[in-house]
Amino acid sequence: MAGVAVSTTINGDHVEYLCQPDETLLDVLRDRLGLTGAKEGCGTGDCGACSIILDDRLVCSCLVLGAEAEGRQVETVEGMAHGEKLHTLQQKFLEHAALQCGICTPGFLIAAKDLLAKNPDPSEEEIRFGLAGNLCRCTGYDKIVRAVQDAANVMKGA
Amino acid sequence: MNFDPRFSGRKFASVGTRPIRPDGVDKVTGRARYGADFNMAGQLVGRVLRSPHAHAKILKIDTSKAEKLAGVKAVITAADLPDLTDGDAAMYDVLDNCMARSKALYDGHAVAAVAAVDARTARQALKLIEVDYELLPHVTDVDEAMKHTAPLINDTIFTEGLEEKPVKPSNVTKRSQFGHGDVHQGFGHADFIVERSFKTEQTHQGYIEPHACVANVSSDGTADLWVCTQGHFVYRQHCAQLLGLEASKLRVTSSEIGGGFGGKTHVWAEPVALALSRKAGRPVKLVMTRDEVFRASGPTSATSIDVKIGARKDGTITAAEATLRYSSGPYAGTWAEIGAMTAFACYKLDNVKTVGYEVLVNRPKTAAYRAPSAPMAAFAVESAVDELAKELGMDPVEFRIKNAAQEGTRSSYGPVYGPIGIGPTLEAAKTHPHMKAPLGKNQGRGMACGFWFNFGGQTCVDLNIGMDGSVSLAVGTVDVGGSRASLSLVAAEELGIDYAQLKAVVADTSSLGYNDMTDGSRGTFSSSMATISAARNAIKILRDRAAQMWDIPVDDVIWENGHAIAKGEKYGNLAALSLKEIAAASGKTGGPIAGHSELVADGAGVSFATHICDIEVDPETGAARVIRYTVIQDAGKAVHPTYVEGQYQGGAAQGIGWALNEEYIYGKDGRLQNAGFLDYRIPVCSDLPMIDTQILEIPNPNHPYGVRGVGETSIVPPLAAIANAMSNAAGVRMTHIPMSPPRVLAAIEAEREGRA
Ligand code: FES
Ligand code: FES
């Protein structure tokens, strides 16, 4: 199969790549571009470990084709920190120990960022439903919810 | 080395604080490298062909078409993994599980594998492999498999542990028995007896990271393996044995691990990846799909358990008995044996007997899952204990307190307990505000206890002091949830330095001595013991170097708060030397400063927990929701309390999923019908409430800081705690786990009909 030439923006940088027509954006990010922050937990849209933001929309990158990124804005966990300075959510995940193994963390951070962008003052229930597309097997979610609550409070004040 | 591991009751400066973990920034920025995040130049993509049949003879495998496909660099079958196990039956089973030899024993059993230039070519190649199967009758249910009429999975198996050697083969590989006293007599003294049968379905550990590895075998007989594992040293041993390599020439690096819970303690794909790499002469990356993870890795046992407990009117248990049948997949296991050991471990019993049967079924090989075998036994026992308390008209907590094991109690599985936490966790539950909180309509409260042994084992640690006075700690247990933070705290404590001055890493198999598998909640227990020992060895050297710098006898130098101090008035003018100053001078005083430790960490203190939970049941649908949950558990000493809480919460959440939802569903054809996260539903954020924790600290006498393992016990009580809550909320005693809505609804309807 002939490759598809794609021109896109990832974490603010202009990026061009060739990919197969049936290749997922997750595979492109991980295997072609070396951005392994997004993880593959299932490949079927059920775990959220591959979450990214595509033009202001939270998506599972395992359900998006690499070719679909043409002309769009892609945001991954690698784009969250500014140089040395962590995003408030990243800092709060560390302080609250909202990760044990950490494999779900990139997906949760992206999903939480999207949630807070749309609802800066979520209730606990809104956080729980907002993050229900992301699986975590280690934490029981308690510390993740607390980290997001704390981050929301800090970000509101900023 | 004369290391004294006994508890010393010291005051702590670092241990018990909650700093940010050393691997944290990498994990929140996406930089941490897990199993599938590593690549090598020229690497091929490996993929595995799996049996679609539950039980079938493999008559022939034709790989010729696949081999001819452009881009395919190697195709292997069992013939490429010759039997080098030399009579080691357990290793032979591992080999057969990695690649079926003459029979496919479950849906998902590997039969061939390919390595190709890319994933698409590899997938195409799998379709070109032709396998001729002769289908055999199968059995997937544990009770069915025990019947004499059941299809035999392995006709060379004769049940072990029977008084008379059986004449016919069977699916029961082993019978085991534990206990003491005379249960027959004990039941004779009982005023009340509860006798019930229970079933639990098979669940998967459900780690979010699928198994992944990169293997590279060189033509000179050396090899490298990058892999997500709970025990890279054990993987090295097993892979070397199966591939005929020398262990020291196989370097295994443990990647960051995206969850294991016992499921990453066994090799599956790794020997296959190595064999592919050897045949292709190139590195091979092999990553399981989620479908493969469910069909071919893990899971825990499905069980069927009978329990009988008798008590006098005053609430004293007079006898307790259980028969436990655990499925082990198509290979022999010891899962029922462990279940039989743990079943009554919480109680002080004069007459107790448990019998376990290990049962072969056409399902994937059972693997450990967090306190393996204990949750099912606790579900049965703690449900029956609750029923008995009801019959006696006693409060369930009081009834348990009355019968709880204590220091000096002979446990139901043999040993006599030292100081233990079952009584204290129950007392804490009794006074916990959760116990008195009001309940609403359709809501009910339940509680249950749990036990886990905890392991120690072979452990090796290196502690190296840099010229700048910073300290690197190399450990060989894998960090599954923050142990690098807790081990750094321990090293900081012992050396008297700041946590920030340390960096802990997980060393590869060529850089450190052997370490056992990171299982049995041993990571922090055993590696902290070795870290303390290594730090004490380093301190000896630091004192010696300080003595040289001062030119005084080493016996006059003590170590305090990170400094060498010359003891005695005659040295009044000698200012204390910091670790940093001694390190800076080390080039002139004898070279690098390091402390090593190799030990067998004995005396992992047993662990107990009591859980309280409230649920709400919808009587129209049978759906249940956990609305409040409290975990009370003994940690011995919580080194990093936040991560201890995390273990309590995570285990409880897994137990809640097991209790309410999770199960392997097999069709009549013996195929797994829900091999994905959509249909095998683990709890999500909106399913759960906050999970409150209370850490008790009853020091383990066999660890310098009193540490016990904390990782596993938390999954033991939830099944019964929720079943007991269900009985109070909906008036039905659920004896089959999971308590999924259809099962609960059927029970509610049966109860209604019974009453009508
Ligand atoms: S990998 Fe995309 S949702 Fe699981
Ligand atoms: S921290 Fe392990 S899956 Fe979430």
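Treat the numbers as computed from the prediction; the structure is a model and nothing was measured. (Residues numbered from 1 in each chain as written. Chains lettered and ligands numbered in written order. Predicted model: local features only at pLDDT ≥ 70, side-chain atom pairs only at ≥ 80, totals over all residues. Heavy atoms only, no water.)

### Observations regarding the overall build of chain A
Logical step 1: Counting its regular elements, chain A contains five helices and five strands.
Logical step 2: Secondary structure elements of chain A occur, N-terminal to C-terminal, as β-β-α-β-β-β-α-α-α-α.
Logical step 3: The globule rule puts the C-alpha radius of gyration for 158 residues at 15 Å, and the 16 Å found for chain A is close to it.
Logical step 4: Along the first, second and third principal axes, the C-alpha atoms of chain A reach 50 × 30 × 25 Å.
Logical step 5: Evaluated residue by residue, chain A yields a buried proportion of 56% over its 158 residues.
Logical step 6: For chain A, long-range pairs separated by at least 24 residues make up 54% of all intrachain contacts whose partners lie at least 6 apart in sequence.
Logical step 7: For chain A, the exposed surface amounts to about 6200 Å²; the carbon and sulfur share of it is 49%.
Logical step 8: Here chain A contributes 14 positively and 23 negatively charged side chains, and the mean placements of these two sets differ by 7 Å. (Helix = DSSP H or I, 4+ residues; strand = E, 2+ residues; numbered from the N terminus. Rg over C-alpha atoms; globule rule 2.2 N^0.38 Å. Buried < 20%, exposed > 50% of the residue type's maximum accessible area, 1.4 Å probe, protein only. Contact = heavy atoms within 4.5 Å. Areas by Shrake-Rupley, 256 points an atom, 1.4 Å probe, with all protein chains shown as cover. Lys, Arg positive; Asp, Glu negative; His and termini not counted. Charge placed at Lys NZ, Arg CZ, Asp CG, Glu CD.)

### As for the domain arrangement of chain A
All names here are of chain A.
Logical step 1: For chain A, the domain assignment lists domain 1 (4–79) and domain 2 (88–157).
Logical step 2: One C-alpha centre belongs to domain 1, the other to domain 2; they are set 21 Å apart.
Logical step 3: In this complex, domain 1 contributes 15 residues to the contact, which on the side of domain 2 involves 13 residues.
Logical step 4: Summed over both partners, the interface of domain 1 with domain 2 buries about 1100 Å², with 60% contributed by carbon and sulfur atoms.
Logical step 5: Where E75 meets K113, a salt bridge forms, and the shortest distance between an N and an O atom there is 2.3 Å.
Logical step 6: The tally of links between domain 1 and domain 2 comes to five residue pairs in polar contact (both at pLDDT 80 or more). (Domains from an automatic or database assignment. Buried area = accessible area lost by both parts, 1.4 Å probe. Salt bridge = Lys/Arg side-chain N within 4 Å of Asp/Glu carboxyl O. Polar contact = N/O pair within 3.5 Å; in protein donor to acceptor, adjacent residues only side chain to side chain.)

### What to know about the sheet that holds strand 1 (residues 44–50) of chain B
Residues and elements named next belong to chain B.
Logical step 1: On the basis of which strands lie adjacent, the open sheet formed by seven strands has the order 3-5-1-12-9-10-11 and mixed pairing. With partners counted over all chains shown, the strands left at the sheet margins are strand 3 (72–76) and strand 11 (250–254), one partner each. Strand-to-strand twist of the sheet, defined as the mean angle between neighbouring strand axes without regard to direction, takes the value 20°.
Logical step 2: Here strand 1 runs beside strand 5 (residues 110–116); their pairing, made up of six bridges, is antiparallel. Residue pairing across strands places G46 opposite A115, the latter belonging to strand 5.
Logical step 3: Helix 8 (residues 269–280) contacts strand 1, strand 3, strand 5, strand 9 (212–217), strand 10 (223–227), strand 11 and strand 12 (284–287) of the sheet and is inclined by roughly 35° relative to strand 9. (Pairing = 2+ DSSP bridges. Axes fitted to C-alpha atoms, helices over the stretch in contact; angles between N-to-C directions.)

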